[in-house]
Amino acid sequence: DAGITQSPRYKITETGRQVTLMCHQTWSHSYMFWYRQDLGHGLRLIYYSAAADITDKGEVPDGYVVSRSKTENFPLTLESATRSQTSVYFCASSESYEQYFGPGTRLTVT
Amino acid sequence: EDQVTQSPEALRLQEGESSSLNCSYTVSGLRGLFWYRQDPGKGPEFLFTLYSAGEEKEKERLKATLTKKESFLHITAPKPEDSATYLCAAAARGANNLFFGTGTRLTVIP
């Protein structure tokens, strides 16, 4: 089915471990985004990408790394996970102004 | 500083009891104002985009309106299936990301 998918949907990891969250879209949208959603903060932008090999920081980029070698994929890596990175992570894609979101990944760092 | 504020945080309505949700925004040159619906455990689902003051958009029991400082999401004769969190977001001039409010959690009681 066309759309945007995220994997895994749930992840539990330990402090200090590296974790990669995957995002895949089938619309060939130019823009892709990573947000985190925390109670009381709403959705906050971590990183975004305007095209393959073009990425830029959002509001809360510290501790995260992204890459975009192909238009359809936009993985998010936590290089050394911390408890403060426990959150729900959403990937989104866009071709104009409207952004379309994936189902989310719930990450718990113990 | 670009900011989006939503009120109330939570709203309980009887089925058929119409009401409005508020979204106040402060952004540098509004490019668009967006409304999303989010069900528990899912990603935000796009509802509307409004581009200029005076514009209105409708979808079933929902109508979104926009002024120069705020947007309203009017819900007419709501049903229990309208229960969800409604998110408002704004896009500023020169920015590729959206600034999200923290949402209004709507509960419609049968």
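It should be noted that the structure appears before, not after, this text.
Residues numbered from 1 in each chain as written. Chains lettered and ligands numbered in written order. Predicted model: local features only at pLDDT ≥ 70, side-chain atom pairs only at ≥ 80, totals over all residues. Heavy atoms only, no water.

A. Fine view of the overall build of chain A. Along chain A, the regular secondary structure elements total 0 helices and 11 strands. Start at the N end of chain A and walk to the C end: the helices and strands fall as β-β-β-β-β-β-β-β-β-β-β. Relative to its length of 110 residues, chain A is compact, with a C-alpha radius of gyration of 13 Å against a globular reference of 13 Å. If one aligns the C-alpha atoms of chain A with their principal axes, the spans along those axes are about 35 × 25 × 25 Å. Buried residues in chain A amount to 46% of all 110 residues. Of the contacts made within chain A by residues no fewer than 6 positions apart, 54% connect residues no fewer than 24 positions apart. In the form shown here, chain A has an accessible surface area of approximately 5500 Å², with 47% of it arising from carbon and sulfur atoms. Across chain A, the 10 positively charged side chains and the 11 negatively charged ones have centroids separated by 9 Å. (Helix = DSSP H or I, 4+ residues; strand = E, 2+ residues; numbered from the N terminus. Rg over C-alpha atoms; globule rule 2.2 N^0.38 Å. Buried < 20%, exposed > 50% of the residue type's maximum accessible area, 1.4 Å probe, protein only. Contact = heavy atoms within 4.5 Å. Areas by Shrake-Rupley, 256 points an atom, 1.4 Å probe, with all protein chains shown as cover. Lys, Arg positive; Asp, Glu negative; His and termini not counted. Charge placed at Lys NZ, Arg CZ, Asp CG, Glu CD.)

B. Structural context of the state of the cysteines. Evaluated as defined, the whole model comprises 2 disulfides over all chains. Through a disulfide, A:Cys23 is tied to A:Cys91; the S-S separation comes to 1.8 Å. Residues A:Cys23 and A:Cys91 are joined through a disulfide that is left-handed, its torsion about the S-S bond being -75°. Here A:Cys23 is found in strand 3 (residues 19–25), whereas its partner A:Cys91 is found in strand 9 (residues 87–94), with 68 residues between them in sequence. A residue is classified by how much of its surface remains accessible, and A:Cys23, at 2% relative accessible area, is buried. Across the disulfide, B:Cys23 is cross-linked to B:Cys88 (sulfur-sulfur distance 1.8 Å). (Disulfide = S-S within 2.5 Å.)

C. Examining the packing of aromatic side chains more closely. Enumeration according to the criterion identifies 13 aromatic pairs over all chains in this entry. With 6.0 Å between their ring centres and 80° between their planes, A:Phe101 and B:Phe100 make a pair best called edge-to-face. Residue A:Phe101 is located in strand 10 (residues 100–101), and its partner B:Phe100 is located in strand 10 (residues 99–100); the two belong to separate chains. Relative accessible area serves as the criterion here: at 10%, A:Phe101 is assigned to the buried category. Under the relative-accessibility criterion, B:Phe100 is labelled buried at 8%. Each ring, one from B:Tyr36 and one from B:Phe46, has its centre 5.8 Å from the other, and the planes form 70°; the classification is edge-to-face. (Phe/Tyr/Trp six-rings, centres within 6.5 Å; stacked < 30°, edge-to-face > 60°.)

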